[in-house]
Amino acid sequence: SAVISQKPSRDICQRGTSLTIQCQVDSQVTMMFWYRQQPGQSLTLIATANQGSEATYESGFVIDKFPISRPNLTFSTLTVSNMSPEDSSIYLCSTLSGTSFTDTQYFGPGTRLTVL
Amino acid sequence: KNQVEQSPQSLIILEGKNCTLQCNYTVSPFSNLRWYKQDTGRGPVSLTIMTFSENTKSNGRYTATLDADTKQSSLHITASQLSDSASYICVVKGAGNNRKLIWGLGTSLAVNP
């Protein structure tokens, strides 16, 4: 299993500013994922972050808006840049454990972001 | 189009009662189906993972069923407890060139005393 912590747990930010969310895993993992969960919606994958390579972004998400760092096998950051109220959401960090066929996905507690 | 639909959207039951949540999907090709529990303000926690060949899988008071032919799954909760109040999310993983996770919107369950 994997235990994931995130900082901050919540924040209220002004339009036009940026926020960096940190994700720490208690063990070394290959793949880390960043998700967004907007109010009343399901989880949406933003990007996959592998150590030593550029993050892979899903359709609708771009690096300029959501730059990601993955400096080692236990840590990653997601920055939400030039924020607008539409970015108000819960941001979740996740990783995998197990075989690729039935891998178990673990999630952090999430960062609740409100943009005014 | 790959979709996962859950019903009901929300459900209220009394403590000690049983309930069943439904999940229909159109994801193809199919790899596996997962049920997650998400408490308010927390990240999702995996309950079960079922592959094509599995019809049923239990995790304590949670029992998931899968009919890969009709592309339907259910999650049955037995003898509900107040701590079962949460959102239950069905997630389907595709296979081959379609290996993404498709997330349902979840069923919000409230267990009242």
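One numbering rule holds for all chains: residues counted from 1, following each sequence as written. Chains carry letters from A onward and ligands carry numbers from 1 onward, assigned in written order. A pLDDT threshold of at least 70 governs which residues receive local features in this predicted model, and a stricter bar of 80 or more applies before side-chain atom pairs are shown or counted, although totals over entire chains, interfaces and linings include all residues. For the side-chain quantities, the full set of heavy atoms in the structure was used; hydrogens and water were omitted.

K.L.:
Break down the pattern of salt bridges for me, with residues and values.
P.N.:
Two side chains that carry opposite charge are able to pair once their charged atoms sit near each other. Salt bridges are defined as contacts in which a side-chain nitrogen from Lys or Arg sits within 4 Å of a carboxyl oxygen from Asp or Glu. Tallied over the full model, the rule gives five salt bridges over all chains. Put simply, Lys100(B) and Glu58(A) hold a salt bridge, and the shortest N to O gap is 2.5 Å. You can see Lys100(B) sitting in the loop between β9 (86-94) and β10 (101-103) and its partner Glu58(A) sitting in the loop between β6 (56-57) and β7 (68-72), one on each of two chains. Remark: exposure states derive from per-residue accessible area (1.4 Å probe, protein chains only) relative to the maximum for the residue type, with buried under 20%, exposed over 50%, and partly exposed in between. By relative accessible area, Lys100(B) is classed as partly exposed at 44%. Residues Asp87(A) and Lys65(A) are paired through a salt bridge, measuring 2.6 Å at the closest nitrogen-oxygen approach. Linking Asp87(A) in the loop between β8 (75-80) and β9 (89-97) with Lys65(A) in the loop between β6 and β7, this pair joins segments that are 22 residues apart in sequence. Secondary structure follows DSSP: runs of H or I at least 4 residues long count as helices, runs of E at least 2 residues long count as strands, and numbering of each begins at the N terminus.

K.L.:
Talk me through the state of the cysteines; I want residue IDs and the actual numbers.
P.N.:
Residue and element names in this part refer to chain A. Note on disulfides: each one is a pair of cysteine sulfur atoms within 2.5 Å. Summed over all chains, the structure comprises two disulfides over all chains. The side chain of Cys23 participates in a disulfide bridge whose partner is Cys93; the two sulfur atoms lie 1.9 Å from each other. For the disulfide bridge between Cys23 and Cys93, the dihedral angle about the S-S bond is near -70 degrees, and by the sign convention the bridge is left-handed. Here Cys23, found in strand β3 (residues 19-25), pairs with Cys93, found in strand β9; they are 70 residues apart in sequence, far enough to count as distant.

K.L.:
Quick one: what's the story with the interface of chain A and chain B, residue by residue and with numbers?
P.N.:
In what follows, residue pairs with any heavy atoms lying within 4.5 Å of each other are defined as contacts. Taken together, the 18 residues of chain A in the interface contact 20 residues of chain B. Throughout, the accessible surface (probe 1.4 Å) given up by two parts as they are put together, summed over both, is called the buried area. Summing the contributions of chain A and of chain B, the shared interface buries around 1,400 Å²; its carbon and sulfur component is 49%. If you look at where chain A meets chain B, you find one salt bridge. Polar contacts here mean pairs of N or O atoms no more than 3.5 Å apart (in protein, one a potential hydrogen donor and the other a potential acceptor; neighbouring residues in sequence count only if both atoms are side-chain atoms). Taken together, chain A and chain B are joined by three residue pairs in polar contact (both at pLDDT 80 or more). At the level of elements, β4 (31-37) and β10 (104-107) of chain A are the ones that each hand at least two residues to the side of chain A that touches chain B. At three residues, β10(A) tops the list of elements feeding residues into the side of chain A that touches chain B. Just so you know the grouping, Ala, Val, Leu, Ile, Met, Phe, Trp, Tyr, Cys and Pro go in nonpolar, Asp, Glu, Lys and Arg go in charged, and all remaining residues, Gly too, go in polar. Broken down by class, the residue content of the side of chain A that touches chain B amounts to six nonpolar, nine polar and three charged.

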